[in-house]
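As a plain string of letters, each chain reads:
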Amino acid sequence: MTAIDSDTITDDQLMRYARHVILDEVGEVGQAKLLRSKVLVIGAGGLGSPVLMYLAAAGVGTIGVVDFDVVDLTNLQRQIVHTTESVDMAKVESAAATIAAINPEIRFNAHNIKLTTENAASLIADYDIVADGSDNFETRYLVNDTCFFLKKTLVSGALLRFEGQLSVFKPHAGDDNPCYRCLFPSPPPPGMTPRCETAGIFGAIAGVVGTMQASEVLKEMLGLGQSLSGTLVLYDALNTTFRKIKIPSDPGCPLCGDQPSITVAITTSPSS
């Protein structure tokens, strides 16, 4: 058994994570739990970058990232896990190098593939919690549906222009814990929602929302504070405002409602 799988932490880890350990709410027990935890990050882009970096710095023992894109020069304005030298490199490889420099004891799983209905369940099943930083609705709904069937907590963030939003979805936790489809039952028609390559994105917004997303992941793993489940946080950078909106569970939700219509959206048995 290695230190990363243990219920205790080593002297070196005690020094590295000292500012966590002195928090009564975390302590050595909490830090050891983080070291045993496994988080899958969807996307190594604007949101995924700060999520990956802060989870690694916090000592999350196993971090996976799913992304099949390569680093483009236009990414560097906000995707801080990558550098100029990373241009044309696979994003997961670029992220792996940065994470290794931040915390070499982290187990980093680079999944250089597109998330599909065929592989989503087998990937997500291996992790405790999922942080979704994807930039398209197809992936967002696939991740939500897969997490629902596998009873995995989902921490979801989104960005556009000068705004961001954040929530936690864990309908497996019982009443008053909606899923993403309770808020948005189905994807908008193709072309109806602008993407950052056409609408733009204020780079630092990704850092604000992504850092908050990492914080919510850590809170969920440690059971700290008030969960964002059932609440949507809206951030407006131009006016420096945050709004919290209550999201009720929807009895008519096509996924987690009383009469679900989505029952075979994914391959729920992990592939060999």
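Residues numbered from 1 in each chain as written. Predicted model: local features only at pLDDT ≥ 70, side-chain atom pairs only at ≥ 80, totals over all residues. Heavy atoms only, no water.

(A) Here's a closer look at the overall build of the chain. Each helix and strand counted, the chain has 10 helices and 8 strands in total. Taken over the C-alpha trace, the chain has a radius of gyration of 18 Å; the compact-globule value for 272 residues is 19 Å, and the two agree within 12%. The C-alpha extent of the chain, read off along each of the three principal axes, is 50 × 45 × 40 Å. Buried residues in the chain amount to 49% of all 272 residues. When the accessible surface of the chain is summed, it comes to about 13,200 Å², and 54% of that surface belongs to carbon and sulfur atoms. Across the chain, the 20 positively charged side chains and the 30 negatively charged ones have centroids separated by 3 Å. (Helix = DSSP H or I, 4+ residues; strand = E, 2+ residues; numbered from the N terminus. Rg over C-alpha atoms; globule rule 2.2 N^0.38 Å. Buried < 20%, exposed > 50% of the residue type's maximum accessible area, 1.4 Å probe, protein only. Areas by Shrake-Rupley, 256 points an atom, 1.4 Å probe, with all protein chains shown as cover. Lys, Arg positive; Asp, Glu negative; His and termini not counted. Charge placed at Lys NZ, Arg CZ, Asp CG, Glu CD.)

(B) Structural context of helix 10 (residues 203-222). Relative to the 28 Å expected for 20 residues at 1.5 Å per residue, helix 10 spans 30 Å between its end C-alpha atoms, a close match to the ideal helical length. Helix 10 sits mainly inside the fold: 14 of its 20 residues count as buried. G223, located one to two residues past helix 10, shows a positive phi value of around 70 degrees. (Expected span 1.5 Å × (residues − 1).)

(C) Expanded view of the packing of helix 4 (residues 48-58) against helix 5 (residues 91-102). Two elements in contact, helix 4 and helix 5, have axes whose closest approach is 9 Å; the angle formed by their N-to-C orientations is 30 degrees. In terms of orientation, helix 4 and helix 5 fall into the roughly parallel class. Crossing angle aside, the handedness with which helix 4 passes helix 5 is right-handed. Across the interface between the two elements, L52, M53, A56 and A57 of helix 4 pack against A95, T98, I99 and I102 of helix 5. (Axes fitted to C-alpha atoms, helices over the stretch in contact; angles between N-to-C directions. Parallel < 35°, antiparallel > 145°, perpendicular 65-115°, else oblique. Left-handed = near helix turned anticlockwise from the far one by under 90°. Contact = heavy atoms within 4.5 Å.)

(D) Unusual backbone geometry, seen in detail. Phi at K151 takes a positive value of approximately 60 degrees, unusual for a residue other than glycine. Looking at the secondary structure, you find K151 in the loop between helix 7 (137-150) and strand 5 (153-160).

(E) The pairing of strand 3 (residues 107-111), seen in detail. Looking at chain direction, strand 2 (residues 62-66) and strand 3 are connected through 5 bridges and run parallel. Paired with T62 across the two strands is R107, which belongs to strand 3. (Pairing = 2+ DSSP bridges.)

(F) Quick peek at the side chain of N119. Summarising the element assignment, N119 is placed in the loop between strand 3 and helix 6 (120-124). Exposure remark for N119: the relative accessible area of 17% places this residue in the buried category. There is a polar contact of 2.9 Å between the side chain of N119 and the backbone oxygen of K114. When residues no more than four places from it in sequence are discounted, the contact partners of N119 are I113 and K114. (Polar contact = N/O pair within 3.5 Å; in protein donor to acceptor, adjacent residues only side chain to side chain.)

(G) Inspection of the confidence of the model for the chain at higher detail. Looking at the chain as a whole, its pLDDT mean stands at 92, while 92% of the residues score no less than 70. Every residue in residues 268-272 scores below 50 in pLDDT, and together they form 6 contacts with partners more than four places removed in sequence or on other chains. (pLDDT = per-residue confidence, 0-100.)

(H) Seen up close, the packing of aromatic side chains. Following the criterion strictly, the structure yields 7 aromatic pairs and no others. Between Y141 and Y180, the ring centres sit 5.2 Å apart and the planes meet at 75 degrees, which makes this aromatic pair edge-to-face. Of this pair, Y141 sits in helix 7 while Y180 is found in helix 8 (residues 180-183), placing the two residues 39 residues apart along the sequence. A single burial state applies to Y141 and to Y180, both of which are buried. A ring pair is formed by F169 and Y180, whose centres lie 5.7 Å apart and whose planes are at 90 degrees; its orientation type is edge-to-face. (Phe/Tyr/Trp six-rings, centres within 6.5 Å; stacked < 30°, edge-to-face > 60°.)

(I) Main features of the nonpolar core. Membership of the largest hydrophobic core comes to 32 residues, with the highest contact counts inside it found for V39, V41, L52, L55, I63, V217 and M221. Counting 20 residues, the second-largest nonpolar core is a separate cluster that includes L123, I124, Y180 and I247. (Core = buried A, V, L, I, M, F, W, Y, C linked by side-chain atoms within 4.5 Å.)

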